[in-house]
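Understanding the architecture of this molecule
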Amino acid sequence: MALSITRGGSSEGSNPGGSIELAKATAIMERYTTWNANEALIPMLQEIQHEYGYIPDVLTALISEQFDIPLTQIYGVATFYSDFRALEQPEHRILLCEGLACYVCGSQQLHRAVKDKLGIDYGEATPDNKFILERANFCFGACQLMPMVEIDHTFYGNVTPEKLVELIDQTAQGGGHSSHE
Amino acid sequence: MDRNELIQLRTRFKDERTKLFREKTVIQCVIDGGSVMAGAKQTLARFRQLAEGSPDVQLQVTAGFGAMWMEPTVFISRPGNPRLLYGFVDEARAEELFNRYVKGNDPCPEYAFAWLKDNIDYPDYKWATTDETDWKGIPHIGSTDWGRLQQRIVLRNCGDIDPESIEEYIGQGGYAGFEKALFEMTGDEIVAEVKTSGLRGRGGAAFSMGIKWETVRNIKRTPRYAIVNGHEGEPNVFKDRRIFEGDPHSILEGLLIGCVATDIPEAYIYVGSEHPLAFKRMGKAVEDARKMGLLGENILGSNFTCDVKVMIAAGAYISGEASAMMYGIQGTRGMPRVKPPRSAEAGLWGQPTLVNNVESFNNAQVILLRGGAWYASFGSAKSKGTKVISLSGPFARTCMAEIAFGGPTRDAIEIVAGGPADPAHPIRAVQTGSVSGGSWPASMFDIMFDIDTYGKKEYANLMGSASLTAYTDQQCIVDACYYILRYNRDESCGKCIPCRIGCEGLTEMLWRIKNGDGKEADIGKLEGLSKMVIEHSICGLGQAAPLPVLNMLAIEEFKQELYQHIRAGYCRANVCPMEHAQTKVWEFGVPADINYSAEHNGRDVYELASPGGPQ
């Protein structure tokens, strides 16, 4: 079904069931037409991920068609790298830093706190699809602030379990979050 | 632009900078990935607001200085006074500093950490010089503990210049090495100079950079490529990203020197997606260089052509491995392949490829300008030069620093990092090489900081990317070991079976031990499985993954701790859950009603259990 959607603005808005807006994706793809198709794949998927929050099936099909890359390759890349998500994501993402220093200095307690508070483990979403808990298998590069938590692209340092629970409450109520570089 | 114009520009930009510092008060805020999280942007905004309407105050951005424990950090230099370094500058302190020092003339010695000159003005880039004294009660940076051991060759511009300004970089002598490579040296001479320097790759494998360049130079097949490997995926290593953020042009210059030496017209800089600011600044650096005519065709009228593309990665720790990284650039799953052929023979698109780490390339300019012999005069017998280290964990000073090889590791731990954050919890071990190495116990802190000494087989350890993470009595070595194996299991690409299944097996076994279900036979199994993974994995990451286990078994202190876990169900640091430890105690004939869990009373149980337990 996804394959039947063709490129161009005409399908925009007429897609049934709240499907995605294609104009942004075509604009992204437009920018990479001069590139070597294989080289362009990951930067392009990065931009799509950034724009939509996940990699919609429709777009992998579109890229495959337009850049002549096998669909299996795109799917392979999109599922291999940890930056890409295949499905639409919950509203808020709680990302616990699990670098070595954070891990040995308190992120285990934070993990427990989230588990107690929301009942979710790493990689799981709450039943109301509001929160997802993820573990950062990399370093935020600010180890002086360990342990660190990122909620919706805002970083918090020296987080205690109590503070994290508070932050989750604030986020649930739509408390003031600024976007962050 | 030709060569003379570049030389003229360099003089002009240098003069402009000197004039700026002579005539105006310059406030430099450290804005990089780590300081932004500590609130440096608010500090910068506050200074902007305060400086509005005062034409003799100039605000600048700098990055990658490395004094992370006291971020946000700010440098203030008033005409006639030395450049002062302030730490913990939040908005309130920014206002106080502005009112007292910029408007008044009180340098606030209570907030100042040290005074310093531009790094390139120090002989051999060493801060510790004998002829610098305190200024109004503020120490010189070379006499502070943090600064006195440092020799900042790689970080020579970090903290001094605006990373987004090519003018400042050129003014500090930038692109002089590239210029020398283009006009005064042949490719063979460059390679010989790099070989003389004895520089070994800084990414972890520590292969001689000169030999690598020579190999690529001797393979004449075209097309050929060069890649800067800036995918630094390990936790607790933040050196490459700080270099990207603090001095992107010197990476580009090092890369260009490599391209001249090996005659490569096309290069890539691969930046991890975890570091968006690094990607942004590197991209800007390449664009600026292209505008200036330092990239493209016929550079500086020398007939040399080279263009550089900045590529973004997409997560995945494995992408730091050279062959996996090249598959990433090619738009496929990043899985390493069996070597040989090495990347020098068959790399990107199957063509000869020169791959080096960010830090390695960053040394190239200095090596050309000062000579390989100069560079080789620092460091130990087989590890030449300096190394950027990332210090994290419960240290008094979490920071990034650059020290020469060859000193005792204790220097880094006790002088640079200042020992434990809380004196009540002394440091009992340091983890080296992040997730691909083991730890040193306190009894071995005097071990020489040197690639080969660290890599001795009996210790099962690695220098890797030289991060040091402290463990105190609140951290459990088995827990940390479990974490590393768990990490490697999660991040294993799954291509070769030893790593994919071996790491899973080791993780499960360690979890069992952590949970109080350890068996005596596990020790043999841990060792056997670890050796199997090391011998049979195809890439360096898999080969390093079980090192912490072997290291734990090789070093007596750690082995005792593991035995405590297995035999007595006792975790000294009280970190491991030990849910099934009660059975254990019963099994070894210790009365089950002893309170072994919550407080550190478990020690008694251990003492009761171990003599009678099976050996």
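Along each chain, the written sequence defines residue order, and numbers are assigned to residues from 1. For this description, chains carry letters from A and ligands carry numbers from 1, given in the order in which they are written. Two thresholds apply to this predicted model, a pLDDT of at least 70 for residue-level local features and 80 or more for giving and counting side-chain atom pairs, whereas whole-chain, interface and lining totals are computed over all residues. With hydrogens and water excluded, all non-hydrogen atoms of the structure serve as input to the side-chain values.

Turning our eyes to something else, we now look at the overall build of chain B. For chain B, the helix and strand inventory stands at 25 helices and 14 strands. Note on exposure labels: buried denotes an accessible area under 20% of the residue type's maximum, exposed denotes more than 50%, and partly exposed covers the range between, all computed with a 1.4 Å probe on protein chains only. Across the 615 residues in chain B, those meeting the buried criterion constitute 63%. Partitioning the contacts of chain B with sequence separation of at least 6, the portion at a separation of at least 24 is 71%. Reported accessibility uses the Shrake-Rupley method at a 1.4 Å probe radius. Residues are deemed covered only where the shown protein chains occlude them. Accessible area of chain B: about 21,100 Å², with a carbon and sulfur share of 51%. For chain B, the distance from the average site of its 67 positive side-chain charges to the average site of its 77 negative ones is 3 Å. Put simply, DSSP H or I for four residues or longer makes a helix, DSSP E for two residues or longer makes a strand, and each gets a number counted from the N terminus. For this analysis, residues touch if any pair of their heavy atoms sits within 4.5 Å. Only four residue types enter the charge count: Lys and Arg as positive, Asp and Glu as negative, with His and the chain ends excluded. A single reference atom marks each charge: NZ on Lys, CZ on Arg, CG on Asp, CD on Glu.

Helix and strand content of chain A: six helices and four strands. In sequence order, the secondary structure elements of chain A are arranged as α-α-α-α-β-α-β-β-β-α. Out of the 181 residues in chain A, the part that is buried amounts to 52%. The long-range fraction of contacts in chain A, counting pairs at least 24 apart against all pairs at least 6 apart in sequence, stands at 58%.

A word on the sheet that holds strand β12 (residues 429-432) of chain B. Residues and elements named next belong to chain B. Spatially, β11-β10-β14-β12-β13 is the arrangement adopted by the five strands of the open sheet, whose pairing is mixed. Edge strands, defined here as strands with exactly one partner in the open sheet, are β11 (399-404) and β13 (439-441). The mean inter-strand angle of the sheet, taken between neighbouring strand axes irrespective of direction, is 30°. Strand pairing is assigned whenever DSSP identifies at least 2 bridges connecting the two strands. In this sheet, strand β14 (residues 467-471) lies alongside strand β10 (residues 386-392) in parallel orientation, the contact comprising three bridges. Note that in β14 the partner of S390 across the bridge is S467. Angular values range over 0 to 180 degrees, each being the angle between N-to-C directions of two axes fitted as lines to C-alpha atoms, with helices fitted over their stretch in contact.

This part is about empty space enclosed by the protein. All names here are of chain B. Here a cavity is any set of points on a 1 Å grid over the protein atoms alone where a 1.4 Å probe fits but cannot get out, and a pocket is any open set with protein on both sides within 12 Å along at least 5 of 7 lines; a residue lines the site when it has an atom within 4 Å of a point. Grid points are joined across faces, edges and corners, and a volume is the space filled by probe spheres set on the points. Applying the stated criterion across every chain, the model contains three cavities of 30 Å³ or more. Considering only enclosed or pocket space, the largest cavity measures out at about 120 Å³ in volume. Along its surface, the largest cavity is lined by 16 residues, and I318, S492, C493, C499 and C539 are the ones closest to its centre. Put simply, the parts of the chain that give the lining of the largest cavity at least two residues each are α18 (477-491) and α21 (540-544). Among the residues making up the lining of the largest cavity, the classes are represented as 10 nonpolar, four polar and two charged. Forming the boundary of the second largest cavity are Q431, G437, G438, S439, Y471, I477, A480, C481, P548, N551 and M552. Put simply, the parts of the chain that give the lining of the second largest cavity at least two residues each are α18 and α22 (547-554). Only Asp, Glu, Lys and Arg are considered charged in this grouping, and only Ala, Val, Leu, Ile, Met, Phe, Trp, Tyr, Cys and Pro are considered nonpolar; every other residue, Gly among them, is considered polar. Looking at the lining of the second largest cavity residue by residue, the class counts come to six nonpolar, five polar and no charged.

Here we take up the packing of helix α3 (residues 40-51) of chain B against helix α4 (residues 91-103) of chain B. All names here are of chain B. The geometry of α3 relative to α4 is characterised by a closest axis approach of 9 Å and an angle of 35° between their N-to-C directions. By crossing handedness, the relation of α3 to α4 is classed as right-handed. Residues Q42, T43, R46, F47, L50 and A51 of α3 lie in contact with α4, whose contacting residues are E91, A94, E95 and F98. Residue classes in the contact of α3 with α4 are distributed as five nonpolar, two polar and three charged. Each crossing gets its hand from how the near helix is turned against the far one by less than a right angle, where anticlockwise is left-handed and clockwise is right-handed.

With that settled, consider the pattern of salt bridges. Note on definitions: salt bridges are taken to be side-chain nitrogens of Lys or Arg within 4 Å of carboxyl oxygens of Asp or Glu. Taken as a whole, this structure holds 50 salt bridges over all chains when the rule is applied. Taking the shortest distance from any N to any O, the salt bridge between E184 of chain B and R3 of chain B comes out at 2.6 Å. Of the two residues, E184 of chain B is situated in the loop between α7 (176-183) and α8 (187-197) and R3 of chain B in helix α1 (residues 3-23); the sequence distance between them amounts to 181 residues. Residues K284 of chain B and D288 of chain B are paired through a salt bridge, measuring 2.9 Å at the closest nitrogen-oxygen approach. In this pair, K284 of chain B and D288 of chain B are both assigned in helix α12 (residues 276-292), four residues apart and thus about one turn of the helix distant. We classify D288 of chain B as buried; its relative accessible area is 12%. Shared partners join several salt bridges into a network, and the residues in it are E98 and R135 of chain A together with R486, R489, D490 and E504 of chain B.

In this section: the packing of aromatic side chains. Residue and element names in this part refer to chain B. Working definition: rings of Phe, Tyr and Trp (its six-membered ring) pair if their centres are within 6.5 Å, and the pair is stacked with planes under 30 degrees apart, edge-to-face with planes over 60 apart, and tilted otherwise. Overall, the coordinates contain 26 aromatic pairs over all chains when judged by the stated rule. Here F65 and W127 contribute two aromatic rings whose centre-to-centre distance is 5.9 Å and whose plane-to-plane angle is 40°, an arrangement assigned as tilted. Taken as a pair, F65 in the loop between β2 (57-62) and β3 (74-77) and W127 in the loop between β5 (112-116) and α5 (145-148) lie far apart in primary sequence, 62 residues in all. Accessibility assignment for this pair places F65 and W127 in one class, buried. Ring centres of W213 and F361 lie 6.3 Å apart, and the angle between their planes is 40°; this geometry places the pair in the tilted category.

Our next topic: the interface of chain A and chain B. Listed by partner, the interface residues are 40 residues for chain A and 58 residues for chain B. Buried area is a sum: the accessible area each of two parts loses on coming together, probed at 1.4 Å, counted once for each and added. With both sides pooled, the region where chain A packs onto chain B buries about 3,900 Å², and carbon together with sulfur makes up 58% of that total. Salt-bridge contacts for K309 of chain B lead to E39 of chain A; the nearest nitrogen and oxygen are separated by 2.8 Å. Put simply, the parts of the chain that give the side of chain A that touches chain B at least two residues each are α2 (37-52), α4 (71-80) and α5 (100-118) of chain A.

Locating I251 of chain B in the fold gives a position in helix α11 (residues 248-262). In contact with I251 of chain B, not counting residues within four places along its chain, are V228, I243, F244, M282, V358, F361 and N362 of chain B.

Turning our eyes to something else, we now look at the domain arrangement of chain A. When cut into domains, chain A gives domain 1 (10-80) and domain 2 (92-172). The start and end points of each domain follow an automatic or database-based domain assignment. The distance between the C-alpha centroids of domain 1 of chain A and domain 2 of chain A comes to 30 Å.

It is worth spelling out the pairing of β12 of chain B at this point. Residue and element names in this part refer to chain B. By the alternation rule, side chains of β12 split into A429 and Q431 and V430 and T432, which are all buried. Both β12 and β13 contribute to a ladder of three bridges, which runs antiparallel. Its bridge partner lying in β13, V430 is registered against W440. Two successive antiparallel strands, β12 and β13, enclose a turn made up of six residues, where G433 displays a positive phi of approximately 65°.

For the rest of this paragraph, the subject is the confidence of the model for chain A. Any segment with low pLDDT has predicted coordinates that should not be analysed in fine detail. Residue and element names in this part refer to chain A. Looking at chain A as a whole, the pLDDT averages 84, with 86% of positions reaching at least 70. The low-confidence segment residues 1-18 (pLDDT under 50) makes 17 contacts with residues lying over four places distant or belonging to another chain. Think of pLDDT as the predictor's per-residue confidence, scored from 0 to 100. Across residues 176-181 the pLDDT falls below 50, and counting only partners more than four positions away or on other chains, this stretch makes 12 contacts in the model.

Residue and element names in this part refer to chain B. Here we have five strands laid out as an open sheet, ordered β2-β1-β3-β4-β5, and mixed in their pairing. Only two strands of the sheet have a single neighbouring strand rather than two, namely β2 and β5. Between one strand and the next, the sheet's axes are offset by a mean angle of 20°, whatever the strand orientation.

Take the nonpolar core next. All names here are of chain B. Side-chain atoms within 4.5 Å are what join buried Ala, Val, Leu, Ile, Met, Phe, Trp, Tyr and Cys residues into a set we call a nonpolar core. Formed by 93 residues in total, the largest nonpolar core has its most connected members in F65 and W146. Considering every element that reaches this core, the biggest residue donor is α18, with nine residues. The next biggest cluster of nonpolar side chains, apart from the first, holds 71 residues, and it includes I161, L256, C259 and A261.

Residue and element names in this part refer to chain B. Extensive coverage of helix α14 (residues 358-370) is indicated by the burial of 11 of its 13 residues. Those residues of α14 that sit buried are V358, E359, S360, F361, N362, N363, A364, Q365, V366, I367 and L368. Residues adjacent in sequence count toward polar contacts only when both atoms are side-chain atoms; beyond that, a polar contact is any pair of N or O atoms within 3.5 Å, and within protein one must be able to donate a hydrogen and the other to accept it. Put simply, N357 is the residue that caps the front of α14, since its side-chain oxygen is 2.9 Å from the backbone nitrogen of E359.

Turning our eyes to something else, we now look at the pairing of strand β1 (residues 25-30) of chain B. Residues and elements named next belong to chain B. For β1, the buried fraction is high: six of the six residues fall into the buried class. Neither face of β1 is open: one carries T25, I27 and C29, the other V26, Q28 and V30, and all of them are buried. Pairing between β1 and β2: six bridges, direction parallel. Opposite C29, over in β2, you have V61 as the bridge partner. Two strands pair when backbone bridges link them, and β1 and β3 are joined in this way by four bridges, in the antiparallel orientation. By the bridge assignment, C29 is partnered in β3 with V74.

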